[in-house]
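Examining the three-dimensional arrangement
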Amino acid sequence: QVQLVESGGGLVQAGGSLRLSCAASGSIFGFNAMGWYRQAPGKQRDLVATITSGGSTNYADSVKGRFTISRDNAKSTVSLQMNSLNAEDTGVYYCHARAVRAMVAYDYWGQGTQVTVSS
């Protein structure tokens, strides 16, 4: 049973920083991709950043230059360093992991961690 456990959310003033972390357990094969999504109140869940096992990254335009995603493949952890936060960054942040086996993708989600940026 794969589990993703997030930590690091909270309340921060605009311009501040937060670091989110996610630890995955229960998979002996590792994950092809890991990342972060966020969901603002009343909106859909959107991609924030992803990183492959090889280290290739992808960011939403709105966070480029402010957020940095990193992972430790050996520990199956992924982190998101968030700088210069603004009110639009408020939302529930979900850790995501994808494993591909025999061309079938398996997606896993964490329970979410709240990030609130006060202006």
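Everything below is about the structure printed above this text.
Scope of this entry: the structure provided in the associated data block. (Residues numbered from 1 in each chain as written. Predicted model: local features only at pLDDT ≥ 70, side-chain atom pairs only at ≥ 80, totals over all residues. Heavy atoms only, no water.)

**Some remarks on the packing of aromatic side chains**
Keep this limit in mind: The criterion for an aromatic pair is that two Phe, Tyr or Trp rings (for Trp, the six-membered ring) have centres within 6.5 Å, with stacked assigned to planes under 30 degrees apart, edge-to-face to planes over 60 apart and tilted to the rest. In DSSP terms, a helix is any run of H or I states spanning at least four residues, a strand is any run of E spanning at least two, and both are numbered starting from the N terminus. Classification of residues uses two cut-offs on accessible area relative to the type maximum, computed with a 1.4 Å probe and protein chains only: under 20% is buried, over 50% is exposed, and between them is partly exposed.
Applying the stated criterion to the full structure yields 2 aromatic pairs. Both rings, one in Phe31 and one in Tyr108, keep their centres 6.1 Å apart while their planes meet at 75°; by these two values the pair is edge-to-face. Note that Phe31 is positioned in the loop between strand S3 (18-25) and strand S4 (33-39) and Tyr108 in strand S10 (residues 104-109), a separation of 77 residues in sequence. On the accessibility criterion, Phe31 (5% relative accessible area) is buried. With a centroid separation of 5.1 Å and 70° between ring planes, the pair formed by Tyr37 and Trp109 is classed as edge-to-face.

**Topic: the side chain of Thr50**
Quick note on the threshold: Between two residues, a contact is recorded if the distance between any of their heavy atoms is within 4.5 Å.
Turning to its location among the elements, Thr50 is positioned in strand S5 (residues 45-52). If sequence neighbours within four positions are ignored, Thr50 has contacts with Met34, Gly35, Tyr37, Ser56, Thr57, Asn58 and Ile69.

**A look at the sheet that holds strand S8 (residues 77-82)**
Strands pair in a sheet through their backbones, by hydrogen bonds, and they do so in one of two ways: parallel or antiparallel. Here is the rule: One requirement defines pairing of two strands: DSSP has to find at least two bridges between them. Lines fitted to C-alpha atoms define the axes here, with helix axes fitted over just the stretch in contact, and angles between the N-to-C directions of these axes take values from 0 to 180 degrees.
With antiparallel pairing, 4 strands are arranged side by side in an open sheet as S1-S3-S8-S7. In this open sheet, the two edge strands, each paired with only one partner strand, are strand S1 (3-7) and strand S7 (67-72). Each strand of the sheet is rotated relative to its neighbour by a mean of 15°, with strand direction disregarded. Sheet topology places S3 next to S8; 6 bridges connect them, and they run antiparallel. Across the sheet, residue Leu20 finds its bridge partner in S8, namely Leu80.

**Notes on the pattern of salt bridges**
Quick note on the threshold: We define a salt bridge as a side-chain nitrogen of Lys or Arg found within 4 Å of a carboxyl oxygen belonging to Asp or Glu.
Tallied over the entire structure, the rule returns 4 salt bridges. Salt-bridge contacts for Asp89 lead to Arg38; the nearest nitrogen and oxygen are separated by 2.9 Å. In this pair, Asp89 is assigned in the loop between S8 and strand S9 (91-101) and Arg38 in strand S4, connecting sequence segments 51 residues apart. Note on Asp89: relative accessible area 1%, which makes it buried. Note that Arg98 and Asp107 form a salt bridge whose closest N and O atoms lie 2.7 Å from each other. Note on Arg98: relative accessible area 34%, which makes it partly exposed. One network of salt bridges, in which partners are shared, links Arg38, Arg66 and Asp89.

**Let's talk about the nonpolar core**
If you look at soluble globular proteins, the nonpolar side chains tend to sit buried side by side. What counts here: The nonpolar core is taken to be a set of buried Ala, Val, Leu, Ile, Met, Phe, Trp, Tyr and Cys residues, with the residues joined through side-chain atoms within 4.5 Å.
In terms of nonpolar packing, the biggest core is built from 27 residues, with Trp36, Leu80, Met82 and Tyr93 touching the most fellow members. Looking at this core, the elements that each hand over two or more residues are S3, S4, S5, S7, S8, S9 and strand S11 (113-118).

**A short note on the pairing of S4**
S4 sits mainly inside the fold: 5 of its 7 residues count as buried. By the bridge criterion, 7 bridges tie S4 to S5 in an arrangement that is antiparallel. Within S5, the residue paired with Gln39 across the bridge is Arg45. What sits between the antiparallel neighbours S4 and S5 is a turn of 5 residues, in which Gly42 has the positive phi angle 75°. Direction of pairing for S4 relative to S9: antiparallel, over a ladder of 7 bridges. By the bridge assignment, Gln39 is partnered in S9 with Val92.

Nothing here speaks to function; it is all geometry.
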